[in-house]
Amino acid sequence: MTTKLDIAPNSDRELVLARIIDAPRENVYRCWTEPKLLTQWFAPKPWTTPRAEMDVRAGGTSLVVMAGPDGNEFANPGVFLEVVPGRKLVFTDAYTKAWERSAKPFMTGIVTLEDEGTGKTRYVARVAHWSVADREQHEKMGFHEGWGQCAEQLEEVAKRL
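Here we summarise the structure given alongside this text. (Residues numbered from 1 in each chain as written. Predicted model: local features only at pLDDT ≥ 70, side-chain atom pairs only at ≥ 80, totals over all residues. Heavy atoms only, no water.)

## Let's talk about the pairing of strand β3 (residues 48-54)
- When β3 meets strand β4 (residues 61-67), the two strands line up antiparallel, connected through 5 bridges. When the sheet's bridge partners are listed, Arg51 is paired in β4 with Val65.
- Hairpin geometry of β3 and β4 is characterised by an intervening segment of 6 residues between the two adjacent antiparallel strands and by a positive phi of about 90° at Gly59. (Pairing = 2+ DSSP bridges. Helix = DSSP H or I, 4+ residues; strand = E, 2+ residues; numbered from the N terminus.)

## Remarks on the environment of Met107
- Tracing the sequence through the fold places Met107 in strand β9 (residues 107-115).
- Among the residues examined, Met107 registers a relative accessible area of 14% and is labelled buried.
- C-alpha separation for the pair Met107 and Ala128, spaced 21 residues apart in sequence, amounts to 5.5 Å.
- Not counting residues up to four positions away in its chain, the partners in contact with Met107 are Phe91, Thr92, Asp93, Val127, Ala128, His129, Trp130, His138 and Trp147. (Buried < 20%, exposed > 50% of the residue type's maximum accessible area, 1.4 Å probe, protein only. Contact = heavy atoms within 4.5 Å.)

## Remarks on the side chain of Arg25
- Locating Arg25 in the fold gives a position in helix α1 (residues 25-33).
- Sequence-distant contacts of Arg25, that is, excluding residues within four places in its chain, are made with Gly86, Arg87, Leu113, Glu114, Asp115 and Thr121.

## A short note on α1
- Burial of α1 is extensive: 7 of the 9 residues sit out of reach of the surface.
- Every buried residue of α1 is accounted for by Arg25, Asn27, Val28, Tyr29, Cys31, Trp32 and Thr33.

## Quick word on the state of the cysteines
- Counted according to the given criterion, the structure contains 0 disulfides.
- The closest cysteine sulfur to the non-disulfide-bonded Cys150 is located on Cys31, 12 Å from its own sulfur. (Disulfide = S-S within 2.5 Å.)

## A closer look at the packing of aromatic side chains
- Scanning the model with the defined rule gives 7 aromatic pairs in all.
- Measuring from ring centre to ring centre gives 5.2 Å for Trp32 and Trp41, while their planes differ by 65°; the resulting arrangement is edge-to-face. Accessibility assignment for this pair places Trp32 and Trp41 in one class, buried.
- Measuring from centroid to centroid gives 5.0 Å for Phe143 and Trp147, while their planes differ by 35°, and the two rings are tilted. Residue Phe143 and its partner Trp147 are located together in helix α4 (residues 143-160), separated by 4 residues, close to a single helical turn. We note that Phe143, like Trp147, is buried.
- An aromatic cluster is defined as three or more aromatic residues linked by ring pairs; in this entry it consists of Trp32, Trp41, Phe42 and Phe91. (Phe/Tyr/Trp six-rings, centres within 6.5 Å; stacked < 30°, edge-to-face > 60°.)

## Side note on the layout of surface pockets
- Empty space within the largest pocket amounts to approximately 1000 Å³.
- Lining the largest pocket are 38 residues; nearest its centre among them are Phe42, Met66, Asn76, Met107 and Trp147.
- Mapped by element, the contributors of at least two residues to the lining of the largest pocket are β4, β5 (73-84), β6 (88-92), β9 and α4.
- Tallying contributions element by element places β5 first for the lining of the largest pocket, with 7 residues.
- Of the residues belonging to the lining of the largest pocket, the class tally is 24 nonpolar, 11 polar and 3 charged.
- Its volume calculated, the second largest pocket comes out at about 180 Å³.
- The greatest single-element share of the lining of the second largest pocket, amounting to 6 residues, is contributed by strand β2 (residues 14-21).
- Class assignment for the residues of the lining of the second largest pocket results in 7 nonpolar, 1 polar and 4 charged. (1 Å grid on protein atoms, 1.4 Å probe; cavity = no way out; pocket = protein on both sides within 12 Å on 5 of 7 lines; lining within 4 Å. Points joined across faces, edges and corners; volume = space filled by probe spheres on them. Nonpolar A, V, L, I, M, F, W, Y, C, P; charged D, E, K, R; others polar.)

## Concerning the side chain of His129
- Among the secondary structure elements, His129 is positioned in strand β10 (residues 121-129).
- His129 sits in the buried class, given a relative accessible area of 3%.
- Looking at His129, its side chain comes within polar contact range of the main-chain oxygen of Val127, at 3.3 Å.
- Setting aside its immediate chain neighbours within four residues, His129 contacts Arg13, Leu15, Phe106, Met107, Asp134, Arg135 and His138. (Polar contact = N/O pair within 3.5 Å; in protein donor to acceptor, adjacent residues only side chain to side chain.)

Set out below in structure tokens:
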């Protein structure tokens, strides 16, 4: 089970989820960057992630499709802004590919991974929103609960690698 860390947001438009994950950093990174692994943990149950496509490099695109319990699918296209292999991913939904802007930018995610003792990872996910209203909407959607559940699911997958 992950261990919660208390890390404050940098602004009133940011949400933060921080955990110690009981799995090596390399495994956690693989779970974020390999579509076959990402689909196993990315959506909080009973939601699923039926598909993921990723070109993990700065400027590379991603498409993560989440499905609700009713089977309705929600595509989440985006672009990687920064990739530091094994350590950091920065991605946004502001673009759908290359410099094609999305209809409604919502967030930029910054995931950092650091070694935290033997076989453990300090996992920090910062989500910067375009406005305070967007941040509030994400909180009301269940950011802390949903991303927290996903962190637990991520840990389960990463431990098996």
